[in-house]
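# Results of the structural survey
Okay, here's what each chain looks like letter by letter:
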Amino acid sequence: MSSEHEGEAVGRIVGGDSASLTIEGNNGANLELDELLVSESSSSDYTVLKINNMSYGPPTNPVVPDAAKSLHDDRRQDREEQDHMFYMARPVLRYSEGKLGIPKVIPQLWSEVRRANKSDFEFLTNNSPDTVFIGKIRSGSRVMDIDIRLNGRDLLTHHVMIPATTGRGKSNLVKVMLWSILSSGRFGILLLDSHDEYYGRTGRGLKEHPDSTERLAYYSTDSVPGSFSLVINLESIEPDHFEGILAFTEAQKQAISLYHRAFKEKWIEAIVRGKEIRESVSEITIRVIQRKLRRVLGIYEENGRIKCESSVFSADSGTTTLVDIVKSLESGKTVILDTSRLGDDGELLIGSIVAGRIFSLYRNYKGSGELDSKAPVSIVVEEAPRILSEDKIAEEGNIYSTIAREGRKFNVGLIAITQLTSVIPRTILSNINTKIILGNEMALEREAIINSAVQDLSDQDRSIASLDKGEAIVSSIFTRFAVPVYTPEFEQFAATERKPRGMNQGLIM
Ligand SMILES: Nc1ncnc2c1ncn2[C@@H]1O[C@H](COP(=O)(O)OP(=O)(O)OP(=O)(O)O)[C@@H](O)[C@H]1O
Ligand SMILES: [Mg+2]
């Protein structure tokens, strides 16, 4: 490798083990959590280390060998240049003889380390158009000019979780990712936007993307130029769509199933009208279902007519909405459903209707051999515990838990955004193969995130706690180590991306 690799030594390795090396910092080195260091035995053989902890003086437990400790004590008296800071760093990558791998040897004791720089990662560059941009490699708080891009098909069909405390940049990250997905045009994204913050109704948003006319479909109840109206016909709704969203008792479920059998897609209308069926169903049961439907769908009967309080559900219009949305997704478009004027249940129901339709179609495509001609689809859900927490999934599960468990086989995935990880069952978490972890000050949540991560993140609690806005750690089966990244602020990112540029430099790990 070139001389660019050379950099000033910032410290030396004084002890530790394969999981955590102890580095004594040079005076003025001021190393940070998440900083990437390099220990080089030659320009073609070097190990990248990531700082996970730091302390004054050597750590008491257990790493610095006695020899190092006494050397340190001697130095302390003799040499003023030591800053007496010790850093605990994990060897995360080794580049040796042209190959990249997980380190199986550790660098020499006493060897010097330097800060990582761009050229240390350059061999990873990849120009595939099928990648999703997550951010740039970050070394501590220093952003390096190297894109982190992951293969879109792998990333999206194996599910993504984005956990963080409020305000740390989850939505910003998703906007940036969706921008690059729009550029590729190869993946269908369904986004339930309960805050109407992605399209850019009032400010900048995904509509600014140069390909938005062809590749972005925006559905809203409050139309703007270029939007489609968000109206779902009642006949598109099936009893299953309520799973995990609206709780029905056994008696109510039975009644619904009888109405569904008798009236097919007109089952909701039949219940709302209180139509008679052959089987005996208690009048009270029907009334309770009617009340629930009115609360969630806003639908009721008045003077013999079916009415909807909101314009989202309709007995006579919106017959092609679902078909149109599904077609867009199949052909690699991003579909934003502005659900900001709906209640929680209404939003989740719509999500469930579309997700259910996509899932069953894609399962059929797999059977008929057509799956490869359809774009993989990912469904973005904000506040994922609303549909993925233990109590929402219960025994039968719902469409989202089904997708988490089986979607991969049919190229359907989830991007689950959440403030709380601890309430999502382990069986679901273990199916989510990429976690993009942003800042989190809640110890309990960090513990849940660390316990469910792909890599061993047990030593990164401090790092996660101290992540600033836009800073993240990407832990994925598709990255060789938990990579520190920085995701740019969307508006700036969009402004620079709109300018024509050369090949996408990117990184597939
Ligand atoms: N990378 C970044 N650089 C600078 N500012 C950022 C960055 N990411 C987000 N912000 C800013 O921080 C604020 C919160 O970001 P965002 O809405 O993405 O957070 P969030 O995690 O989605 O929050 P919530 O839990 O409320 O949905 C916004 O004003 C956004 O512009
Ligand atoms: Mg948000």
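On a predicted model such as this, the values are computed, not experimentally measured, just so you know.

The secondary structure content of the chain amounts to 16 helices and 25 strands. Viewed in the frame of its principal axes, the chain has a C-alpha envelope of about 95 × 50 × 45 Å. Long-range pairs, those at least 24 residues apart, make up 73% of the contacts in the chain between residues at least 6 apart in sequence. Total accessible area on the chain is roughly 21800 Å²; 46% of this is exposed by carbon and sulfur atoms.

As far as domains go, the chain holds domain 1 (3–120), domain 2 (131–231 + 318–507) and domain 3 (235–313). Here domain 1 and domain 2 have C-alpha centroids that lie 36 Å from each other. Taken over both partners, the interface formed by domain 1 and domain 2 buries close to 1700 Å², and the fraction arising from carbon and sulfur atoms is 51%. For the pair domain 1 and domain 2, the number of links is four salt bridges. Our enumeration of links across domain 1 and domain 2 arrives at eleven residue pairs in polar contact (both at pLDDT 80 or more). It is strand 4 (residues 45–56) that contributes the most residues to the side of domain 1 that touches domain 2, four residues altogether. Looking at the side of domain 1 that touches domain 2 residue by residue, the class counts come to nine nonpolar, four polar and seven charged.

Its volume calculated, the largest pocket comes out at about 400 Å³. Lining the largest pocket are 19 residues, with E243, G244, L246, K253 and E396 positioned closest to its centre. Among the elements of the structure, helix 5 (250–263) and helix 11 (390–393) are those that each provide at least two residues to the lining of the largest pocket. Classifying every residue of the lining of the largest pocket by side-chain character gives nine nonpolar, three polar and seven charged. Each of two domains, domain 2 (131–231 + 318–507) and domain 3 (235–313), supplies a minimum of three residues to the lining of the largest pocket.

Here the focus is the nonpolar core. Grouped burial of nonpolar side chains is what soluble globular proteins tend to show. In terms of nonpolar packing, the biggest core is built from 69 residues, with I237, L297, F313, L337, L388 and Y400 touching the most fellow members. A per-element tally of this core places helix 9 (residues 344–368) first, with ten residues. Per-domain counts for this core show at least three residues from each of domain 2 (131–231 + 318–507) and domain 3 (235–313). Excluding residues within four positions of it along the chain, L388 makes contact with I393, Y400, S401, L414, A416, V423, I424, P425 and I428. Among the nonpolar cores identified, the runner-up in size contains 52 residues, and V132, V176, M177 and V485 belong to it.

Within this structure, the stated rule accounts for 34 salt bridges. A salt bridge links D222 to R201, with the nearest nitrogen and oxygen atoms 3.7 Å apart. With D222 in the loop between strand 13 (216–220) and strand 14 (228–229) and R201 in the loop between strand 12 (188–193) and helix 4 (212–215), this pair connects stretches of sequence that are 21 residues apart. Taking the shortest distance from any N to any O, the salt bridge between R201 and D338 comes out at 3.6 Å. Residue R201 is found in the loop between strand 12 and helix 4, and its partner D338 is found in strand 19 (residues 334–338); the two are separated by 137 residues along the sequence. A single network of salt bridges, built from pairs that share partners, joins K118, K136, D145, D147 and R149.

The next point concerns the packing of helix 7 (residues 283–297) against helix 9. Each pair of packed helices can be described by the angle between their axes along with the distance between the axes. Running from N to C, helix 7 and helix 9 point in directions that differ by 90 degrees, and their axes come no closer than 7 Å. Taken together, the axes of helix 7 and helix 9 lie roughly perpendicular to each other. Residues R295, V296 and L297 of helix 7 touch helix 9, and the partners they reach there are D345, G346 and L349. Across the contact of helix 7 with helix 9, the residue classes tally to three nonpolar, one polar and two charged.

Criteria and cut-off values
- Residues numbered from 1 in each chain as written.
- Chains lettered and ligands numbered in written order.
- Predicted model: local features only at pLDDT ≥ 70, side-chain atom pairs only at ≥ 80, totals over all residues.
- Heavy atoms only, no water.
- Helix = DSSP H or I, 4+ residues; strand = E, 2+ residues; numbered from the N terminus.
- Contact = heavy atoms within 4.5 Å.
- Areas by Shrake-Rupley, 256 points an atom, 1.4 Å probe, with all protein chains shown as cover.
- Domains from an automatic or database assignment.
- Buried area = accessible area lost by both parts, 1.4 Å probe.
- Salt bridge = Lys/Arg side-chain N within 4 Å of Asp/Glu carboxyl O.
- Polar contact = N/O pair within 3.5 Å; in protein donor to acceptor, adjacent residues only side chain to side chain.
- Nonpolar A, V, L, I, M, F, W, Y, C, P; charged D, E, K, R; others polar.
- 1 Å grid on protein atoms, 1.4 Å probe; cavity = no way out; pocket = protein on both sides within 12 Å on 5 of 7 lines; lining within 4 Å.
- Points joined across faces, edges and corners; volume = space filled by probe spheres on them.
- Core = buried A, V, L, I, M, F, W, Y, C linked by side-chain atoms within 4.5 Å.
- Buried < 20%, exposed > 50% of the residue type's maximum accessible area, 1.4 Å probe, protein only.
- Axes fitted to C-alpha atoms, helices over the stretch in contact; angles between N-to-C directions.
- Parallel < 35°, antiparallel > 145°, perpendicular 65-115°, else oblique.

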